[in-house]
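Here is how the chains run, residue by residue.
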Amino acid sequence: MLHAFNTFGSYSRLDTLSGAEFVELLRFTVGGVAVLTVLAVLLRLIVKITEYHIYQSLDSFIVLSSSDEERRKKVKKKVFRKWALIGATWASSIMAGLVANYINHAGYFLPS
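Presented here is an overview of the structure given in this document. (Residues numbered from 1 in each chain as written. Predicted model: local features only at pLDDT ≥ 70, side-chain atom pairs only at ≥ 80, totals over all residues. Heavy atoms only, no water.)

Section: the overall build of the protein chain
Then, in step 1: Of the regular secondary structure elements, the protein chain holds 3 helices and 0 strands.
Then, in step 2: Of the regular secondary structure in the protein chain, the N- to C-terminal order runs α-α-α.
Then, in step 3: Classification of the 112 residues of the protein chain by burial places 8% in the buried group.
Then, in step 4: Of all intrachain contacts in the protein chain linking residues separated by at least 6 positions in sequence, the fraction that spans at least 24 positions is 41%.
Then, in step 5: Total accessible area on the protein chain stands at roughly 9,600 Å², and carbon and sulfur atoms take up 68% of it. (Helix = DSSP H or I, 4+ residues; strand = E, 2+ residues; numbered from the N terminus. Buried < 20%, exposed > 50% of the residue type's maximum accessible area, 1.4 Å probe, protein only. Contact = heavy atoms within 4.5 Å. Areas by Shrake-Rupley, 256 points an atom, 1.4 Å probe, with all protein chains shown as cover.)

Digging into a nonpolar patch on the surface
Then, in step 1: Nonpolar side chains collect at one region of the surface, where Val38, Leu42, Leu45 and Ile49 lie side by side and expose about 350 Å² of accessible area between them.
Then, in step 2: Relative to the elements of secondary structure, valine 38 occurs in helix H2 (residues 19-53). (Patch = residues over 30% accessible without salt bridge, like charges linked within 9 Å, V, L, I, M, F, W, Y side chains within 5 Å. Salt bridge = Lys/Arg side-chain N within 4 Å of Asp/Glu carboxyl O.)

Focus on the pattern of salt bridges
Then, in step 1: Under the criterion given, the structure shown has 1 salt bridge.
Then, in step 2: Between arginine 72 and glutamate 69 there is a salt bridge, with its nearest N and O atoms 3.7 Å apart. Placement of the pair is arginine 72 and glutamate 69 together in helix H3 (residues 66-106), with a separation of 3 residues, close to one helical turn.
Then, in step 3: With relative accessibility at 27%, the residue arginine 72 sits in the partly exposed group.

Here's the deal with the environment of isoleucine 103
Then, in step 1: With respect to the helices and strands, the residue isoleucine 103 is situated in helix H3.
Then, in step 2: Note on isoleucine 103: relative accessible area 27%, which makes it partly exposed.
Then, in step 3: Every residue in contact with isoleucine 103, bar those within four places of it in the chain, is listed here: Tyr108 and Phe109.

Here is the structure:
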């Protein structure tokens with residue numbers, strides 16, 4: 001973030017830019033927009049997945065026969081799998097955050 005302030009703060013007027021400085025500023029801006037666009041698309045995908053596939057409904061059962069008991073077991077397994085998916089989603093989001101922090105700290109997206 002500090003690099004962005006230094007980059008844009010040093011170019012207060014565009015008419016005083018040389019060609020190399022303008023190319024560096026343009027590359028920095030395009031790189032930042034590309035990263036933000038990819039992040040926005042990934043976050044939108046995660047929201048859609050969580051809205052339509054992980055929502056947990058409450059189920060109740062009246063068990064009168066053995067087929068009802070089998071259906072109840074199947075539904076309980078399905079609910080367990082969904083909760084496991086929620087846990088995996090939380091774990092993967094934590095890992096994604098750690099990877100993003102590493103990439104940011106390493107400076108891969110800073111202009112060279």
